[in-house]
Amino acid sequence: MKKLLIRFIRCGTLGWCLEIIFTSINALRKRNLKLMGNTSIWMFPIYGSMCLLSPFFKIIKKMHWLCRGLIYTIIIFTGEYFSGKWLMKKDLCPWDYSRSKWNINKVIRIDYAPYWFIIGLIYEHILCNKDAS
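The following refers to the structure shown.

The rules we used
Chains are numbered independently. Their residues run from 1 in the order of the written sequence. Confidence filtering applies because this is a predicted model: local features only for residues at pLDDT of at least 70, side-chain atom pairs given and counted only at 80 or more, and all residues used for totals across whole chains, interfaces and linings. Neither water nor hydrogens contribute to the side-chain values; these are computed over all heavy atoms in the structure. Starting at the N terminus, helices and strands are each numbered in turn, a helix being any DSSP run of H or I of at least four residues and a strand any DSSP run of E of at least two. To estimate the expected span of a helix, subtract one from its residue number and multiply by 1.5 Å. Classification of residues uses two cut-offs on accessible area relative to the type maximum, computed with a 1.4 Å probe and protein chains only: under 20% is buried, over 50% is exposed, and between them is partly exposed. Any two residues having at least one pair of non-hydrogen atoms within 4.5 Å are treated as being in contact. Residues enter patches when they are more than 30% accessible in relative terms and free of salt bridges; like-charged ones are connected within 9 Å and nonpolar ones (Val, Leu, Ile, Met, Phe, Trp, Tyr) within 5 Å. Only the protein chains shown count as cover for residues, and all accessible areas are computed by the Shrake-Rupley method using a 1.4 Å probe. Here, a salt bridge means any Lys or Arg side-chain nitrogen found within 4 Å of an Asp or Glu carboxyl oxygen. We call Phe, Tyr and Trp rings a pair once their centres come within 6.5 Å, taking the six-membered ring for Trp, and we label the pair stacked below 30 degrees between planes, edge-to-face above 60, and tilted otherwise. Only when the NZ atom of a Lys or the CZ atom of an Arg is both within 6 Å of the ring centre and within 35 degrees of the ring normal do we say a charge sits over the ring. Note on geometry: axes are C-alpha line fits, over the in-contact stretch for helices, and angles between N-to-C directions span 0 to 180 degrees. Left-handed describes a crossing in which the near helix is turned anticlockwise from the far one by less than a right angle; the clockwise case is right-handed. All amino acids are sorted into three groups, where Ala, Val, Leu, Ile, Met, Phe, Trp, Tyr, Cys and Pro are nonpolar, Asp, Glu, Lys and Arg are charged, and the leftover types, Gly among them, are polar.

### So, helix α4 (residues 65-89)
So, step 1. For α4, with 25 residues, the first-to-last C-alpha span of 36 Å sits near the 36 Å given by 1.5 Å per residue.
So, step 2. Burial in α4 covers these residues: R68, G69, Y72, T73, I76, F77, E80, S83, G84 and L87.
So, step 3. Contacts made by the buried residues of α4 are with α2 (43-48), α3 (54-60), β2 (108-109) and α5 (113-128).
So, step 4. At the C-terminal side of α4, D91 shows a positive phi close to 60°.

Rendered as structure tokens:
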């Protein structure tokens, strides 16, 4: 149980940090040199829940990285969709992709697939590392 909690905290923290970096870069694209990144407390458990996939990561580890990345992208889109819909029902969703032509029900953006592909592989590396708690 302690190992799972440590992994949950690592995954949540990694997700927060990546989101802050991503939103800071997006601010730069808008010529906002303050580079203010942002996230929400709601995102921590969403990112942290990636730790629950640790056994799955180990099962498919021998597959080609392109195949694994596609699987992770689908898993992340699924998690983002259902968590986003749940948070929207509660009027708590910190993201709204309705302005993107690539959105599905305001909660996922298909054009984010390359990011989720890479992030899935990053989480795999962190969670499957022999030194990871």
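And the narrative resumes.
### Things to note about α5
So, step 1. Between its terminal C-alpha atoms α5 stretches 22 Å, which fits the 22 Å expected from 16 residues at 1.5 Å a residue.
So, step 2. Along α5, the residues classified as buried are W116, F117, I119, G120, L121, Y123, E124, L127 and C128.
So, step 3. The inward-facing, buried residues of α5 contact α1 (2-29), α2, α3 and α4.

### A word on a nonpolar patch on the surface
So, step 1. On the surface, M1, L4 and L52 cluster together into a nonpolar patch covering about 370 Å² of accessible area.
So, step 2. By the secondary structure assignment, L4 is in helix α1.
So, step 3. The class of L4 is partly exposed, set by a relative accessible area of 35%.

### A closer look at the packing of aromatic side chains
So, step 1. Scanning the model with the defined rule gives nine aromatic pairs in all.
So, step 2. A centroid spacing of 5.8 Å and a plane angle of 80° characterise the contact between F8 and F44, whose relative ring orientation is edge-to-face. Taken as a pair, F8 in helix α1 and F44 in helix α2 lie far apart in primary sequence, 36 residues in all.
So, step 3. Using a relative accessible area of 26% as the deciding quantity, one classes F8 as partly exposed.
So, step 4. With a centroid separation of 5.4 Å and an interplanar angle of 90°, the aromatic rings of Y81 and F82 are classed as edge-to-face.
So, step 5. Taken together through their ring pairs, the aromatic side chains of F22, Y97, Y112 and Y115 make up a single cluster.
So, step 6. In this structure, R109 packs its charged tip against the face of Y97, placed 5.8 Å from the ring centre.

### Details of the packing of α1 against α5
So, step 1. Orientation of α1 relative to α5, taken along the N-to-C sense of each, is 145°, at an axis distance of 11 Å. Our pair here, α1 against α5, has a crossing hand that is right-handed. On α5, the residues that touch R7, C11, L14, G15, L18 and F22 of α1 are Y115, I119, I122, Y123, I126 and L127.
So, step 2. Of the residues assigned to the contact of α1 with α5, the class counts are ten nonpolar, one polar and one charged.

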